[in-house]
Amino acid sequence: MLCHCRPITHSTVLCLTILATIPISGCNIAGRRSSYFSHLNAAYHNTDYLVYEFQDSLSIGKRTHQLDMLLSNYSSSTAIFITAWNPYSRKLTRDENDRRNEQLIARVKAIGDFPVFLGEGKARNGDWPPELSYLILGVHTEMANQLADEFGQNAYLTYNLGGPAKIVWRQ
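K.L.:
Could you clarify how one ought to interpret helix α3 (residues 94-111) in this entry?
P.N.:
Residues separated by three or four positions in an α-helix point in the same direction, a consequence of the helix having 3.6 residues per turn. In a regular helix each residue adds 1.5 Å, so 18 residues correspond to 26 Å; α3 covers 26 Å between its end C-alpha atoms and thus fits that length. For α3, the set of buried residues is N97, R100, N101, L104, I105 and V108. Projection of α3 onto a plane perpendicular to its axis shows the buried side chains occupying an angular sector of 140 degrees, all on one side. Away from its buried face, by an angle of more than 90 degrees, α3 presents the exposed residues D95, E102, K109 and A110. As for α3, its buried residues are in contact with β3 (78-82), β4 (116-123), β5 (131-137) and α4 (141-150).

K.L.:
Explain the nonpolar core here, please?
P.N.:
Side chains of nonpolar character tend, in soluble globular proteins, to be buried together. Core analysis: the largest hydrophobic core is formed by 19 residues, its most contacted members being L67, L135 and L137. Of all the secondary-structure elements, those providing two or more residues to this core are β1 (47-51), α2 (65-73), β3, β5 and β6 (155-160). Once residues within four sequence positions are removed from consideration, L135 is found in contact with V51, F54, L67, L70, A79, I80, F81, P115, V116 and F117. Membership of the second largest hydrophobic core comes to 16 residues, among which are I82, L104, V108 and Y156.

K.L.:
Would you take a moment to explain the packing of aromatic side chains for this structure?
P.N.:
To describe a pair of aromatic rings, you give the distance between the ring centres and the angle between the ring planes. Under the definition given, this model contains four aromatic pairs. Taking the centre distance of 5.5 Å and the plane angle of 75 degrees together, the rings of Y49 and F81 count as edge-to-face. Placement of Y49 in strand β1 and of F81 in strand β3 is noted, with a sequence separation of 32 residues between them. On the accessibility criterion, Y49 (0% relative accessible area) is buried. For F81, a relative accessible area of 1% translates into the label buried.

K.L.:
Can you help me understand the sheet that holds β6 in this one?
P.N.:
Within a sheet, neighbouring strands are paired by backbone hydrogen bonds and run either parallel or antiparallel to one another. Spatial ordering of the open sheet is given by β2-β1-β4-β5-β3-β6-β7, a layout of seven strands whose pairing is antiparallel. Unpaired on one side and paired on the other, β2 (56-58) and β7 (166-169) mark the two borders of the sheet. Neighbour-to-neighbour, the strand axes of the sheet open up by a mean angle of 35 degrees, direction not taken into account. Here four bridges tie β3 to β6, and the two strands are oriented antiparallel to one another.

K.L.:
When you look at α4 in this model, what are you seeing that I'm missing?
P.N.:
When we look at burial in α4, the residues that qualify are M143, A144, N145, L147 and A148. Residues of α4 that are buried make contact with β3, α3, β6 and β7. Following α4 by one or two positions, G152 has its phi on the positive side, about 70 degrees.

K.L.:
It is not clear to me how the pattern of salt bridges should be interpreted in this structure. Could you clarify?
P.N.:
Where charged atoms from two side chains of opposite charge approach closely, those side chains can pair. The final tally for this structure, using the stated rule, is five salt bridges. Ionic pairing is found between D68 and R63, a salt bridge with its closest N-O pair at 2.5 Å. You can call D68 buried: its relative accessible area is 6%. With relative accessibility at 46%, the residue R63 sits in the partly exposed group. Of the charged contacts, one joins R107 and E150 as a salt bridge, the two residues approaching to 2.8 Å between their closest N and O atoms. Here E150 lies in helix α4 and R107 lies in helix α3, a separation of 43 residues in the sequence.

K.L.:
Could you clarify how one ought to interpret the environment of R99 in this entry?
P.N.:
Take R99: it is sitting in helix α3. Take R99: its relative accessible area is 42%, and that puts it in the partly exposed class. Spatially, the C-alpha atoms of R99 and A84 are 8.9 Å apart, while their sequence positions differ by 15 residues.

About the criteria used
- Residues numbered from 1 in each chain as written.
- Predicted model: local features only at pLDDT ≥ 70, side-chain atom pairs only at ≥ 80, totals over all residues.
- Heavy atoms only, no water.
- Helix = DSSP H or I, 4+ residues; strand = E, 2+ residues; numbered from the N terminus.
- Expected span 1.5 Å × (residues − 1).
- Buried < 20%, exposed > 50% of the residue type's maximum accessible area, 1.4 Å probe, protein only.
- Arc of directions from axis to C-beta.
- Contact = heavy atoms within 4.5 Å.
- Core = buried A, V, L, I, M, F, W, Y, C linked by side-chain atoms within 4.5 Å.
- Phe/Tyr/Trp six-rings, centres within 6.5 Å; stacked < 30°, edge-to-face > 60°.
- Pairing = 2+ DSSP bridges.
- Axes fitted to C-alpha atoms, helices over the stretch in contact; angles between N-to-C directions.
- Salt bridge = Lys/Arg side-chain N within 4 Å of Asp/Glu carboxyl O.

Written out as structure tokens, the structure reads:
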């Protein structure tokens, strides 16, 4: 007996998006989802989220003192690290990804005057190309979720003053 399912996918925050689309067929859906999620979770945890402004990386589960200082300098207490690259685990061309990131920033600017810093999510083992991303200060959870959903990201990083960086899954 085959089950009809839509593809399960992953994309980075902040990442940063170590992605691969894997359609699931067959009836052992729960086991496959669990295995796939474990793989994606490991990929996110093995990614460095570099912010060019201060040449330091965010890492899931760790505090970043330079980000704390940046947040304080901007009188902010929250930040997200997000990209629009490679939605739902589909590798796109550099031009397509750049266009999507431009749309993401245009959307952020339409919502408000948030400080934005360029960065990238980079897999430590090099098995996924770096993805240009943004650290955006002052974004609340509802807006961050909306942006991640709108730009096809399954997850992003969030950081509150005093850390640590956390992953927020959308799928």
